[in-house]
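Spelled out from the first residue to the last, the chains are:
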Amino acid sequence: MATYDVAHRSAIVSGAGMGIGRAVAELLAANGASVVLVDRDRAAAEAVRGEIRAQGGTAAVLVADVTSSDWGTEAVRVAEEMAPLGIAINNAGISGPSAPLTQYTPEDWHRVISINLDSLYTGMRAQIPAMAAHGGGAVVNLASILGTVGQAGASAYVTAKHGVVGMTKSAALENAATGVRVNAVAPGYVHTPMIEKVTNAASYAALVSLHPMGRLASAEEVAQMVVFLASDAAGFVTGSTHLVDGGYSAR
Ligand code: NAD
């Protein structure tokens, strides 16, 4: 019987310095994976490494910006120094400025698409061949509820997250016979530094009201779904996007 075990393999987590990425990295390490913490924020990534080591886990830091073309290759190299690569969580992302499509500057548009979407291409093109060489593995990409519906003022983010869902499907089909599974997780709003940066009390309450459960998700609740998909327990799951949205999409 396959279990939730993720031991005896290395795992790459981008954006591991805080929020969802941090929670995923800590849960993977607690379950035995050796984790590469990829983040552009060195202090944040090193704090997570300290936390994982204090709990008896194994982690390495890679300070990198996921908009660089070679971050994926570098992350695979660091991972395989610890253990064969079996898991990659492409999580780093930004919400971007809130503005109508017609008022988005080209610079902001390309930055949001680059971090939220292009980075999955540059990540997976290194991660998937490395996993296939070991007989298989699991990629989990962070989409969003905004990868399934639109939202006024967030066109670049919405475009990128719909792209994450599509890229996940195609990559899964291309690799179904190689043993590499590719899935996405689409959270509703999650209480993380990303949300803290862009909300005041009124706008936070407005976000809460979108969720029938009457609250936002915690990063740990999203991490549970991510680690399930990354584990052998999800052996027949590929090409799909999994909602963690407190009922948002059920209305
Ligand atoms: P966060 O802002 O709390 O943390 C993001 C982490 O990624 C930070 O450590 C940051 O330093 C790192 N990062 C950002 N840009 C980077 C870059 N270019 N290179 C390397 N590292 C970079 O974000 P979060 O809320 O934890 O979101 C994580 C993912 O989940 C994102 O893809 C986001 O779109 C998605 N998501 C978040 C929510 C939410 O409500 N928070 C909802 C749905 C989906």
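What you are looking at is a predicted structure, and each value in this text was computed from that prediction instead of being measured.

A closer look at the pairing of strand S1 (residues 10-14)
Right, on to step 1. In terms of burial, S1 is largely enclosed, as five of its five residues are buried.
Right, on to step 2. Covered by surrounding structure in S1 are Ser10, Ile12 and Ser14 together with Ala11 and Val13, the residues of both alternating faces.
Right, on to step 3. Running through helix H1 (residues 19-30), the crossover from S1 to the neighbouring parallel element strand S2 (residues 34-39) is right-handed.

Structural notes on the sheet that holds S2
Right, on to step 1. If you trace the seven strands from one edge of the open sheet to the other, you get S3-S2-S1-S4-S5-S6-S9, paired in parallel fashion. At either margin of the open sheet sits one strand with a lone partner, and together these are strand S3 (58-63) and strand S9 (241-244). On average, adjacent strands in this sheet sit at an angle of 20° to one another, irrespective of strand direction.
Right, on to step 2. Summarising the sheet, S1 and strand S4 (residues 85-90) pair through four bridges and their orientation is parallel. Among the inter-strand pairings, isoleucine 12 is bridged to a residue of S4, identified as alanine 88.
Right, on to step 3. Across the sheet, helix H2 (residues 42-54) touches S2 and S3, and the angle it forms with S3 is around 175°.

Observations concerning the pattern of salt bridges
Right, on to step 1. Applying the stated rule across the entire model yields eight salt bridges.
Right, on to step 2. Glutamate 46 serves as the salt-bridge partner of arginine 42, at 3.4 Å between the closest nitrogen and oxygen. Placement of the pair is arginine 42 and glutamate 46 together in helix H2, with a separation of four residues, close to one helical turn.
Right, on to step 3. When its relative accessible area of 48% is taken as the criterion, arginine 42 is described as partly exposed.
Right, on to step 4. The residue glutamate 81 makes a salt bridge to arginine 77 at a minimum N-O spacing of 3.0 Å. Placement of the pair is glutamate 81 and arginine 77 together in helix H3 (residues 71-82), with a separation of four residues, close to one helical turn.
Right, on to step 5. Residue glutamate 81 is classed as exposed on the basis of its relative accessible area, which comes to 59%.

Cut-offs applied
Residues numbered from 1 in each chain as written. Predicted model: local features only at pLDDT ≥ 70, side-chain atom pairs only at ≥ 80, totals over all residues. Heavy atoms only, no water. Buried < 20%, exposed > 50% of the residue type's maximum accessible area, 1.4 Å probe, protein only. Helix = DSSP H or I, 4+ residues; strand = E, 2+ residues; numbered from the N terminus. Right-handed = clockwise from strand over helix to strand, strands pointing away. Pairing = 2+ DSSP bridges. Axes fitted to C-alpha atoms, helices over the stretch in contact; angles between N-to-C directions. Contact = heavy atoms within 4.5 Å. Salt bridge = Lys/Arg side-chain N within 4 Å of Asp/Glu carboxyl O.

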